[in-house]
Amino acid sequence: MANVTLDADRVEALSGTLTGGVLQFGDLYEEARRVHNGLVDRHPALIARCHGTADIVDSVRFARESGLEISVRGGGHNVAGRAVCEGGLMIDLSPMKGIRVDPSARTLRAQPGVIWRELNREAALHGLATTGGLISTTGIAGYTLGGGLGWLMSKVGLASDNLLGVELVTATGDVLDVTEEANPDLMWALRGGGGNFGIAASFEYRLHPLETIFGGLVAHPFEKAKEVLTFVRDFAPTLSDEAGIAAGLVHAPDGSGMKLAAYLLFHAGEIEQAQAEFEPALSFGPPIVTEVGPMPYPVMNTLLDDGYPRGALNYWKSTFISSLDDELIDSLAGAFAEVPSPMTAILFEYFHGAVTRVGPTETAVPHREESFNVLIPAEWVDPADTQANIDWTQETFALLEPYRAGRRWLNYLDDDDALDAVRAAYGPNYDRLAQIKRQYDPDNVFHLNHNIVPA
Ligand SMILES: Cc1cc2nc3c(=O)[nH]c(=O)nc-3n(C[C@H](O)[C@H](O)[C@H](O)COP(=O)(O)OP(=O)(O)OC[C@H]3O[C@@H](n4cnc5c(N)ncnc54)[C@H](O)[C@@H]3O)c2cc1C
């Protein structure tokens, strides 16, 4: 976008108004402009540190009056790095950490700087939970607006299916209390339409009783990759709503670089029921590692955290597939044998149960078929390795081409995923979303996201 000359007096006035002030340079600025993906290296002209809804309103109005592009940062986890802009105003919500549980109503309201680790802890105090990220450091904000898949989706649906209300700051700086009753169209769009319609100042979720779950990791030698993935393909469709499975071609977490064919198991029912249901998965093999047992739900969502350190360089590709046939398993195992980074994985996330019983146009998330979503989250640390890792990821993603179901998971899209990928993420809902976008953001003020162009 065109360079904007900032009026120093007005910047100072904004800085004096915002609870957390405005950052333009210095250590705090450097820290705040950095996001999870170390490949993202943009320099906003200003970073507005928001602590409340009024701070967001003033920031939006300031940006519009100054002609500054707006980016919005929740947890800063998005691999595409759209939370940070070059030369514009980054509205940084990470200081907004409020969480309030209403145990009798089984609801929770949280501000957009909250990450899943924090939300899960507060809900667990009351023996409650909702669907959240597989990694505890992911922000609730971008995650929920993008649909939000997680272990509980087969039992209670996506995070966005459990979203009851949003306090939303619109492109005009108005504050709306969005609920199904008050604004049915807008609420529909916020359940998976991304950050297109305004800035969420708080989210209200439905919670569910849940304390101890049964789950963990089972790992086999990489040489058994074909057998393991074939087993998971045939076993996953037998699972009840209480159970979930995600398979992966991964590396041992001990830094040895040893390749493994593994699966993670999750069960939200009674322990005896979990053990019986998972018996085939526990006895298959034999595995070389079985670390499975009862644990608090929040702990399950930290098991993979160490594999996704902040600042690592990331390039991701993903797609839902129509079938996981033997040929595809062969070719992905072959590609993984040549993977250039010992941090990279190929993951297979299985959708079934409650998430698939919501109609594809009932919310903005259309991905409601029983199927695998294949994610290739490439990660490395040395910038000299960047091209080799991107090349490998693109070549491996190309192997999926004949199997692609034409549907993409919005939250996993990367910076170079263009309009066709965005269309594949919103599917049949794109046109209705574009109509709602025209109503609430006709000038496309909020366009640094996986953008829906106003109709
Ligand atoms: C290690 C890792 C694990 C992940 N695991 C999962 C997973 O299990 N399931 C899943 O579905 N996804 C997962 N994701 C993807 C993740 O959900 C998205 O990256 C999501 O955008 C993260 O939310 P955030 O608030 O941290 O993002 P940010 O990077 O802060 O924001 C991303 C975008 O969301 C929008 N946004 C953020 N906050 C607001 C707000 N308050 N109001 C309006 N718009 C806003 C903006 O457009 C922004 O550019 C994972 C990502 C990583 C890196």
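Quick note: structure is the one above.
As the structure is a prediction and not an experimental result, all values here were calculated from the model. (Residues numbered from 1 in each chain as written. Predicted model: local features only at pLDDT ≥ 70, side-chain atom pairs only at ≥ 80, totals over all residues. Heavy atoms only, no water.)

Visitor: Explain the sheet that holds strand β2 (residues 46-49) to me, please; I cannot follow it from the model alone.
Guide: The strands that make up a sheet are held in pairs by hydrogen bonds between backbone atoms, and each pair lies either parallel or antiparallel. Spatially, 4 strands are ordered β1-β2-β4-β3 in an open sheet, and the strand pairing comes out mixed. For this open sheet the edge positions go to β1 (22-23) and β3 (70-73), each flanked by a neighbour on one side alone. Bridge count for β2 against strand β4 (residues 89-92) is 4 bridges, and the pairing is parallel. What sits directly across from A48, in β4, is I91. Lying on the sheet, helix α3 (residues 53-66) is in contact with β2, β3 and β4; it crosses β4 at an angle near 170 degrees. (Pairing = 2+ DSSP bridges. Helix = DSSP H or I, 4+ residues; strand = E, 2+ residues; numbered from the N terminus. Contact = heavy atoms within 4.5 Å. Axes fitted to C-alpha atoms, helices over the stretch in contact; angles between N-to-C directions.)

Visitor: Explanation requested: the packing of aromatic side chains in the structure shown.
Guide: Aromatic rings considered in pairs are described by the distance between their centres and by the relative angle of their planes. All told, the structure shown has 16 aromatic pairs when counted by the stated rule. For the ring pair W116 and Y143, a centre distance of 5.1 Å and an interplane angle of 70 degrees mean the geometry is edge-to-face. Linking W116 in helix α4 (residues 116-124) with Y143 in helix α5 (residues 140-145), this pair joins segments that are 27 residues apart in sequence. Assigned by exposure class, W116 and Y143 land together as buried. In this arrangement the basic side chain of R407 is found over the ring face of F320, its NZ or CZ atom lying 4.4 Å from the centre. The ring of Y430 is capped by R423, whose NZ or CZ atom sits 3.9 Å from the centre of that ring. (Phe/Tyr/Trp six-rings, centres within 6.5 Å; stacked < 30°, edge-to-face > 60°. Buried < 20%, exposed > 50% of the residue type's maximum accessible area, 1.4 Å probe, protein only. Lys NZ or Arg CZ within 6 Å of the ring centre and 35° of its normal.)

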